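Take a look at the letters that make up each chain.
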Amino acid sequence: MKGIEEFLFNTFPSARYASGKSEIVIRCPFCGDSKDPKNAHLYISIAKDKPHYFHCFKCNESGMLNSKTLRRMSVYDVEASIQLDEYNKKVAS
């Protein structure tokens, strides 16, 4: 995985930048969200040197984006999961 942005854009077709490219917004896999990608509600922070957090403004699902969250989102990319967990662990310490 080269970076979280590339991973998110490759994994979620509805992904787009928000908040001046400090967040990526996608359709929420937890609540189903809207079928229109312009009305997506799940925001993922992609700030450098900070853990990646997510929040859905429709269903209020939120937390740290990690391997467990990816599995709950039906994303089973082992390499991405490992790298995401390592990144979050490194920046959280």
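Above this text sits the structure in question.
Along each chain, numbering runs from 1 in the same order as the chain's sequence is written. Restriction of local features to residues with pLDDT of at least 70 applies here, the model being predicted, together with a cutoff of 80 or more for giving and counting side-chain atom pairs; totals for whole chains, interfaces and linings are based on all residues. Derived side-chain values reflect all non-hydrogen atoms in the structure, with water molecules and hydrogen atoms excluded from consideration.

Student: Explain the sheet that holds strand β5 (residues 62–64) here, please?
Tutor: Two pairing modes exist for strands in a sheet, parallel and antiparallel, and in both the strands are linked by backbone hydrogen bonds. A pair of strands is labelled paired if DSSP reports no fewer than 2 bridges between them. By definition, any uninterrupted DSSP run of H or I lasting at least four residues is a helix, any uninterrupted run of E lasting at least two residues is a strand, and each is numbered from the N terminus. Here we have five strands laid out as an open sheet, ordered β1-β2-β3-β4-β5, and antiparallel in their pairing. The open sheet is flanked by β1 (16–18) and β5, the only strands paired with a single partner. With strand direction ignored, the average angle separating the axes of adjacent strands in the sheet is 25°. When strand β4 (residues 53–56) meets β5, the two strands line up antiparallel, connected through three bridges. If you follow Y53 over to β5, its bridge partner there is M64. Axes here refer to lines fitted to C-alpha atoms; in helices the fit is confined to the stretch in contact. Angles between the N-to-C directions go from 0 to 180 degrees.

Student: What is the right way to read the packing of aromatic side chains from this model?
Tutor: Each aromatic ring pair is specified by the distance between its two centres and by the angle formed by the two planes. For this analysis, a ring pair means two rings from Phe, Tyr or Trp (six-membered ring only for Trp) whose centres lie within 6.5 Å, classed as stacked if their planes differ by under 30 degrees, edge-to-face if by over 60, and tilted for the remaining angles. If you walk through the whole model with that rule in mind, you get three aromatic pairs. Aromatic pair F30 and F54: ring centres 5.8 Å apart, planes at 25°, arrangement stacked. With a gap of 24 residues between them, F30 in the loop between β2 (23–26) and β3 (42–45) and F54 in strand β4 connect regions that are remote in the sequence. Against the face of Y17 rests K21, its NZ or CZ located 5.0 Å from the ring centre. In our convention, an over-ring charge means Lys NZ or Arg CZ found within 6 Å of a ring centre and within 35 degrees of that ring's normal.

Student: Would you mind going over unusual backbone geometry with me for this structure?
Tutor: Phi is mostly negative for residues that are not glycine, and the peptide bonds are mostly trans. Positive phi outside glycine occurs at K21, with the angle close to 70°. The topology assignment puts K21 in the loop between β1 and β2. Positive phi values are uncommon outside glycine, yet D49 reaches one of about 60°. Locating D49 in the fold gives a position in the loop between β3 and β4. Burial classes: relative accessible area under 20% of the type maximum marks a residue as buried, over 50% as exposed, and values in between as partly exposed (1.4 Å probe, protein chains only). According to the relative accessible area criterion, D49 is exposed, its value standing at 60%.

Student: What's the story with the environment of M73 in this structure? I'm lost.
Tutor: Here M73 shows up in the loop between α2 (67–72) and α3 (78–92). Relative accessible area serves as the criterion here: at 6%, M73 is assigned to the buried category. Taking the C-alpha atoms as reference, M73 lies 14 Å from H41; in sequence the two are 32 residues apart. In what follows, residue pairs with any heavy atoms lying within 4.5 Å of each other are defined as contacts. Ignoring any residue separated from it by four or fewer positions in sequence, one finds M73 in contact with F12, I26, P29, F30, L42 and L65.

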